[in-house]
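Survey of secondary and tertiary structure
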Amino acid sequence: MATAVSHEVLVGGTVGRQPSGRAGFFGTVRSEFTKIRSVRSTYWTLFALILACVGIGALFSWGQTQRLLRFEDGASPGNKIPPGFAEHIAHEIRSQAASISLFGLLIGQLIIIVLGALAITSEYSTGMIRTSLTAMPRRGTVFAAKGVVFGVVALVVGLVTSFLSFFVGQLILSTQHVNTTLGHPNVLRIVIGGGLFLAVCGLLSFGIGAMLRHTAGVIASGIGLMFVLWILSQFLPGPPSGWFGQEDIDKWIPFNAGSAIWENQANGLHPFSPWIGFGVFCAYAAVAVVGGLIVFLRRDA
Amino acid sequence: MIEARGLTKRYGDTLAVDNLSFSVEPGRITGFLGPNGAGKTTTMRLILGLDRPTSGTVSVDGKPFAEHPWPMREIGALLDAKAVHGGRSAYNHLLCVAQTNNLPKRRIGEVLDLVGLGEVAGKRSKGFSLGMGQRLGIACALLGDPKILMFDEPVNGLDPEGILWIRNLMKALASEGRTVFVSSHLMSEMENTADHLIVIGRGKLISDCTTAEFIAANSQQSVRVRTPQPDELTLLATAAGATVRSDEGGALVLLGLTASQLGDLAFENGIRLHELAPAHASLEEAFMELTASSVEFHAGLPQEHAAQTADAGRVR
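**Side note on the overall build of chain A**
When its secondary structure is counted, chain A shows 12 helices and 0 strands. Shown N-terminal to C-terminal, the secondary structure of chain A runs as helices and strands in the order α-α-α-α-α-α-α-α-α-α-α-α. With the C-alpha coordinates of chain A rotated into their principal frame, the extents come out at 90 × 45 × 35 Å. Of all 301 residues assigned to chain A, the portion counted as buried reaches 45%. Once local pairs closer than 6 in sequence are excluded, the contacts in chain A between residues at least 24 apart make up 74%.

This is the structure we're talking about:
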């Protein structure tokens with residue numbers, strides 16, 4: 001390290017005269033993008049996201065081909081399989097081929113929750129927030145820039161994940177000729193929907209992050225909301241039920257609402273239609289983001 | 001120029017900043033002095049808008065800090081050397097800060113060289129020593145070539161060379177007409193650096209005056225004298241109202257007379273002097289006195305007392 005540095009170097013240097021206008025959204029967006037791309041944890045988390053989604057999707061697709069094979073091989077001794085049943089299963093798999101290949105999103109959502117939380121909580125855990133808000137004290141601008149940059153990164157990575165999962169999954173399903181293509185009805189919506197689902201998941205976590213500020217707390221809440229609530233919903237009494245049954249509650253569970261767009265096979269009874277479900281999910285995320293904004297604007301940093 | 005009017009911040013039951021009014025003028029170094037927990041950092045956070053005051057206002061060049069079009073050209077602040085993401089390189093840290101105010105990229109290299117971190121620009125800051133972190137924070141504060149610089153305990157973790165460096169830097173910044181506001185609990189550091197002092201204790205303003213006034217008001221001036229006739233001089237000086245003691249080296253230390261008064265007294269009485277030197281009490285001693293009085297407030301002295309001591313330069 002250099003020793004005592006002469007202060008004869010003009011402190012002013014190349015900053016130049018104060019320009020007109022004011023520091024605003026676009027500069028802050030560039031700043032936030034620099035932040036997200038300049039730490040390693042971003043790359044590790046995104047790599048983990050892609051790996052988990054593609055890997056689990058591939059595994060699940062392979063499992064489906066094996067299931068089909070069992071039926072096509074005929075009955076193991078003592079089992080009676082009606083004629084044409086293998087064809088029935090093949091048809092079922094083919095009609096769900098897109099969402100089968102996206103099954104890894106179930107785990108992928110947990111990873112994007114971590115990334116969404118870190119996008120804001122790492123500012124607090126490192127103390128960087130004080131530097132950020134001193135350079136740009138207009139907090140609404142900082143929050144918007146952060147949200148937009150994270151949202152765009154999450155959407156791009158979500159789409160890459162979703163398409164990659166789809167293609168790998170179809171490759172495996174095609175070994176038993178039960179694959180589908182993007183040209184089939186609804187398939188493109190399902191695959192794009194997978195990316196949208198991940199992005200909104202991340203934003204939901206981002207909003208909670210701005211409210212709670214502590215990484216562990218945010219991750220726990222995010223996973224509770226998206227994963228644990230979904231598991232709990234499986235224990236609700238099934239139909240026919242009275243006023244508090246699975247069929248009334250199920251579709252409102254965040255994961256079920258959100259995964260309607262990619263037609264996850266485990267998204268409960270009587271799910272919302274794809275876009276309505278996604279709309280409900282977006283509304284949940286919006287509540288979290290608006291809550292986060294209010295806290296971000298008001299609370300001492 | 002920073003102006004605080006009745007600034008108050010309460011955290012739960014604790015009054016961290018209690019009705020503070022002061023102004024920090026450009027072109028000089030203003031030391032912000034107080035023992036740990038006196039509310040210095042909180043006051044700086046209130047200036048920057050990181051915290052919202054419970055009551056009162058603080059303005060920066062006439063308006064709240066957040067309303068300035070280019071905030072980094074207004075205030076550069078080093079509140080906490082650890083306010084960085086350790087996983088980010090020094091260069092990228094400064095880049096993301098500079099981008100918020102559309103500052104040119106070449107400015108980053110300039111400030112890194114200025115603080116002596118040019119060679120480690122690409123290194124992640126988690127590997128930095130405390131002193132290097134401090135320099136990175138200073139580089140960050142200087143990015144926007146701001147009119148006002150605010151440093152919270154900037155010499156923490158710096159070696160003597162670094163301390164000298166930052167002292168010179170602050171003097172240079174003030175001589176360029178900038179406002180330099182620097183907090184410290186190190187009296188000796190402020191004595192050598194600050195032109196003006198704002199002293200607080202328990203969130204309250206204790207004193208707001210020039211450093212010279214502060215020392216004069218807070219400590220008695222003493223005179224050191226050597227003479228072959230110590231007994232006669234002691235007698236005369238005591239009669240003139242001074243108190244006299246002798247120090248380890250055999251010289252006399254007199255309180256209550258100036259060096260010229262004493263010199264005249266000796267001359268008029270034909271006493272030979274071999275040495276006559278005024279000795280200024282250090283700021284350290286002055287601060288000790290204030291801390292002591294702060295303890296007295298705590299013990300429940302009348303409110304008027306605090307008001308009196310808040311008068312500029314007139315500290316007990």
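Having put the structure on the table, let's press on.
**Concerning the sheet that holds strand 5 (residues 75-78) of chain B**
Either a parallel or an antiparallel arrangement is found when strands of a sheet pair, and the pairing is made through backbone hydrogen bonds. All names here are of chain B. As summarised here, the arrangement of the 6 strands in space is 5-6-7-3-8-9, forming an open sheet in which the pairing is mixed. Only two strands of the sheet have a single neighbouring strand rather than two, namely strand 5 and strand 9 (204-210). Averaged over neighbouring strand pairs, the angle between their axes works out to 15° when direction is ignored. When strand 3 (residues 29-33) meets strand 8 (residues 196-201), the two strands line up parallel, connected through 4 bridges. Bridged to Thr30 within strand 8 is His196. Together, strand 3, strand 5, strand 6 (148-152), strand 7 (179-184) and strand 8 form the strand contacts of helix 1 (residues 40-48), whose direction differs from that of strand 6 by roughly 150°. The sheet contacts of helix 5 (residues 130-142) involve strand 5 and strand 6, and relative to strand 5 the element is tilted by about 170°.

**Some details on the domain arrangement of chain B**
How large an interface is tends to be reported as the accessible area lost when its parts come together. You can read the domains of chain B as domain 1 (2-210) and domain 2 (220-279). Distance between the C-alpha centres of domain 1 of chain B and domain 2 of chain B: 45 Å.

Criteria and cut-off values
- Residues numbered from 1 in each chain as written.
- Chains lettered and ligands numbered in written order.
- Predicted model: local features only at pLDDT ≥ 70, side-chain atom pairs only at ≥ 80, totals over all residues.
- Helix = DSSP H or I, 4+ residues; strand = E, 2+ residues; numbered from the N terminus.
- Buried ≥ 20, exposed ≤ 12 C-beta atoms within 10 Å, placed from the backbone.
- Contact = placed C-beta atoms within 7 Å.
- Pairing = 2+ DSSP bridges.
- Axes fitted to C-alpha atoms, helices over the stretch in contact; angles between N-to-C directions.
- Domains from an automatic or database assignment.

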